[in-house]
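# Report on the structure
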2 protein chains.
Amino acid sequence: MKPVTQDRPYSQTLSRLREAGLRPTRQRLALGRLLFDGGDRHVTAEALHEEAQAAGVSVSLATVYNTLHQFTEAHLLREVVVDSARTYFDTNVSDHHHFFLENAGSLMDIDGGKIAITGLPQAPEGTDVARVDVIVRLHGTPRPAE
Amino acid sequence: MKPVTQDRPYSQTLSRLREAGLRPTRQRLALGRLLFDGGDRHVTAEALHEEAQAAGVSVSLATVYNTLHQFTEAHLLREVVVDSARTYFDTNVSDHHHFFLENAGSLMDIDGGKIAITGLPQAPEGTDVARVDVIVRLHGTPRPAE
DNA sequence: TCTCATATTTAGAATTATTCTAAGGTGTTG
DNA sequence: CAACACCTTAGAATAATTCTAAATATGAGA
Ligand SMILES: [Mn+2]
Ligand SMILES: [Mn+2]
Ligand SMILES: [Zn+2]
Ligand SMILES: [Zn+2]
């Protein structure tokens, strides 16, 4: 009888990789589980790399970058541009927007269905709207009022 | 009788610098004129540096960066984050949003007064909204329909 | 199961935007 | 004009990301 390993197939990483035509390598499976198990996440390459190390998964930073980009091409992730210094990858690929806490560098989702934008001028001749991003930039309040 | 030089005081760069407490150096005056003469502009440090060279103004790239940041602190400029590879500086400091043509890397203003965003959830406890950015990402259409 | 072509990983070098350092030049004020 | 703080700048340093090219793993077929 097989022992119940700590395999957590919640994320169905394996089938996701298959559908995307990506070989289920040890690295991609491990990163996929870190990314897709549990809820929605916003990660940088560096942060995911450290998380992998901490989880005992040996993956190079180059592979983390490769994998994040491949997952993005496969629409398993999307990029969020909020900071010109680092790139965030988002496991939530549905239509949504973001709170960005500039101090902490952390992102929170805003459901796309809850927001409406009116009065947008039409896109210039010869262009198509690829996406509309709303970023609500937040600053921590120094002291909670007493 | 003084010749009519190509000084174009349209931008009132000198008085702007004075108000900001910045010494009107040759470099800051030249960059200020490039930025503020004529209409609203969206520039990268590199692009402004090249423009200065082309205009025969000798300024180092480090000074272009310093100046852009000082102008931003003085609210003569603002930063626009649309691309995680480069920082854009915007001479339009009024409330507005952007079209971003991803192919060309160019920005176009959308008047802030024309847009309304409804349904935004309130900012999390302990945070203040510093700004709301709307970015409409555009892709060029391959062929104009005939 | 073995083989082999192909996909993948990776260390380390390279690239690129931006920032830093520290030394010399400039604007302002008395 | 002197004095000093402010500025500019060349070049080095940083940091995120990409590239290179060599080693390794995967999977289809024998
Ligand atoms: Mn401010
Ligand atoms: Mn960078
Ligand atoms: Zn998100
Ligand atoms: Zn603008």
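As shown above, the structure is provided for reference.
These notes cover the structure that comes with them. Residue numbering note: each chain is counted from 1, following its sequence as written. Going through the entries in the order they are written, you letter the chains from A and number the ligands from 1. Since the coordinates come from a predicted model, pLDDT governs what is reported: local features require at least 70, and pairs of side-chain atoms require 80 or more to be given and counted, while whole-chain, interface and lining totals use all residues. Calculation of side-chain values draws on the structure's entire complement of heavy atoms; hydrogens and water are dropped beforehand.

A run of DSSP states H or I qualifies as a helix once it reaches four residues; a run of E qualifies as a strand once it reaches two. Both are numbered from the N-terminal end. Check the secondary structure of chain A and you find four helices and seven strands. The secondary structure elements of chain A, listed N-terminal to C-terminal, are α-α-β-α-α-β-β-β-β-β-β. For chain A, the spread of C-alpha atoms along the principal axes amounts to about 60 × 55 × 30 Å. Considering chain A as a whole, with its 146 residues, one finds that 38% of them fall into the buried category. Note on contacts: a residue pair qualifies if any of its non-hydrogen atoms lie within 4.5 Å across the two residues. Here the contacts in chain A between residues at least 6 apart in sequence split such that 44% fall between residues at least 24 apart. For every accessible area listed, the method is Shrake-Rupley and the probe measures 1.4 Å; residues are considered covered only by the protein chains on display. By element, 49% of the accessible surface of chain A is carried by carbon and sulfur atoms, the whole surface being about 8,600 Å². Taking the average location of the 15 positive side-chain charges in chain A and that of its 19 negative ones, the two points are 9 Å from each other. Only protein chains enter the area calculation, which uses a 1.4 Å probe; residues under 20% of their type maximum are buried, those over 50% are exposed, and those in between are partly exposed. Counted as positive: Lys and Arg. Counted as negative: Asp and Glu, with His and the chain ends omitted from the count. All charge positions are set by atom: Lys at NZ, Arg at CZ, Asp at CG, Glu at CD.

Turning next to the interface of chain B and chain A. Taken together, the contacts link 37 residues of chain B with 37 residues of chain A. Two parts placed together each lose some accessible area under a 1.4 Å probe, and adding up what both lose gives the buried area. The largest share of the area that chain B buries against chain A comes from Val81(B), Ser84(B) and Arg137(B), three residues that together contribute 18% of it. Only one rule defines a salt bridge in this text: a Lys or Arg side-chain nitrogen within 4 Å of an Asp or Glu carboxyl oxygen. Across the contact surface, chain B and chain A share two salt bridges. Think of a polar contact as two N or O atoms within 3.5 Å of one another; within protein, one of them needs to be a possible hydrogen donor and the other a possible acceptor, and neighboring residues in sequence only count if both atoms come from side chains. If you look at where chain B meets chain A, you find 16 residue pairs in polar contact (both at pLDDT 80 or more). Of all elements in the fold, only strand 4 (96–101), strand 5 (106–111), strand 6 (116–118) and strand 7 (127–140) of chain B reach the threshold of two or more residues within the side of chain B that touches chain A. With 14 residues, strand 7 of chain B is the largest single contributor of residues to the side of chain B that touches chain A. Each residue gets one of three labels, nonpolar for Ala, Val, Leu, Ile, Met, Phe, Trp, Tyr, Cys and Pro, charged for Asp, Glu, Lys and Arg, and polar for the others, Gly among them. Looking at the side of chain B that touches chain A residue by residue, the classes come out as 20 nonpolar, ten polar and seven charged. Pairing between strands is defined by DSSP: at least two bridges between the two strands are required. In the sheet, strand 7 (residues 127–140) of chain A pairs with strand 7 of chain B via 13 bridges, with the strands oriented antiparallel. Bridge pairing in strand 7 of chain B places Asp128(A) opposite His139(B).

Residues and elements named next belong to chain B. Spatial strand order, 1-3-2: three strands in an open sheet with antiparallel pairing. For this open sheet the edge positions go to strand 1 (42–44) and strand 2 (78–80), each flanked by a neighbour on one side alone. Along the sheet, successive strands turn relative to each other by an average axial angle of 40°, direction set aside. Every axis corresponds to a line fitted to the C-alpha atoms, with the helix fit spanning only the stretch in contact, and the corresponding angles, defined between N-to-C directions, vary from 0 to 180 degrees.

When we say a residue is near a molecule or strand, we mean one of its heavy atoms is within 4 Å of it. Taken together, 19 residues sit near DNA strand C, with Thr25(A), Arg28(A), Thr63(A), Tyr65(B) and Thr87(B) positioned nearest. When atoms of DNA strand C within 4 Å of the protein are sorted by moiety, sugar and phosphate together comprise 83%. Between DNA strand C and the protein, one listed contact pairs a sugar or linking oxygen with a side-chain N or O atom of Gln27(A) at 2.8 Å. The separation between a phosphate oxygen of DNA strand C and a polar side-chain atom of Tyr65(B) is 2.4 Å. At the level of elements, helix 2 (26–36) and helix 4 (61–73) of chain A together with helix 4 (61–73) of chain B are the ones that each hand at least two residues to the surface near DNA strand C.

A four-donor tetrahedral metal ideally has 109.5 degree angles, and a six-donor octahedral metal ideally has angles of 90 or 180 degrees. Residue and element names in this part refer to chain B. Surrounding the zinc ion (ligand 4) are the protein donor atoms His42 (NE2), Asp90 (OD), His96 (NE2), His98 (NE2) and Asp109 (OD), at 2.0 to 2.2 Å. Donor atoms are limited to N, O and S found within 2.8 Å of the metal ion, a distance that becomes 3.2 Å for Na, K and Ca. With water left out, some sites might look partial. For the zinc ion (ligand 4), the donor residues sit on a single chain with the sequence spacing H-x47-D-x5-H-x1-H-x10-D. One end of the pair, histidine 42, is in strand 1; the other, histidine 96, is in strand 4, with 54 residues separating them in the sequence. Accessibility classification places histidine 42 together with histidine 96 in one group, the buried group.

The immediate surroundings of DNA strand D are formed by 20 residues, with Tyr65(A), Thr87(A), Thr25(B), Arg28(B) and Thr63(B) found nearest. Tyr65(A) places a polar side-chain atom, nitrogen or oxygen, 2.4 Å from a phosphate oxygen of DNA strand D. Between DNA strand D and Gln27(B), the relevant distance is 2.8 Å, taken from a sugar or linking oxygen to a side-chain nitrogen or oxygen of the residue. Secondary structure elements with two or more residues in the surface near DNA strand D: helix 4 of chain A together with helix 2 (26–36) and helix 4 of chain B.

Turning next to the sheet that holds strand 7 of chain B. Strand order in the open sheet made by the six strands is 5(A)-4(A)-7(A)-7(B)-4(B)-5(B), with mixed pairing throughout. The open sheet terminates on both sides in strands that have one partner only, identified here as strand 5 (106–111) of chain A together with strand 5 of chain B. Looking at each pair of strands side by side, their axes are set apart by 30° on average, direction ignored. Bridging between strand 4 (residues 96–101) of chain A and strand 7 of chain A involves four bridges; their strand directions are parallel. Residue His98(A) lies in a different strand from strand 7 of chain A, and its bridge partner there is Ile135(A).

Rotating chain B by 180° and translating it 0.0 Å along the rotation axis places it on chain A, where the RMSD comes to 0.0 Å. Seen this way, the second copy is the image of the first under a two-fold rotation axis. Both copies share a contact surface, since 100% of the interface residues of chain B are interface residues in chain A too. The atoms used to superpose the copies are C-alpha atoms, taken from residues with pLDDT of at least 70 in both, and the fit is least squares.

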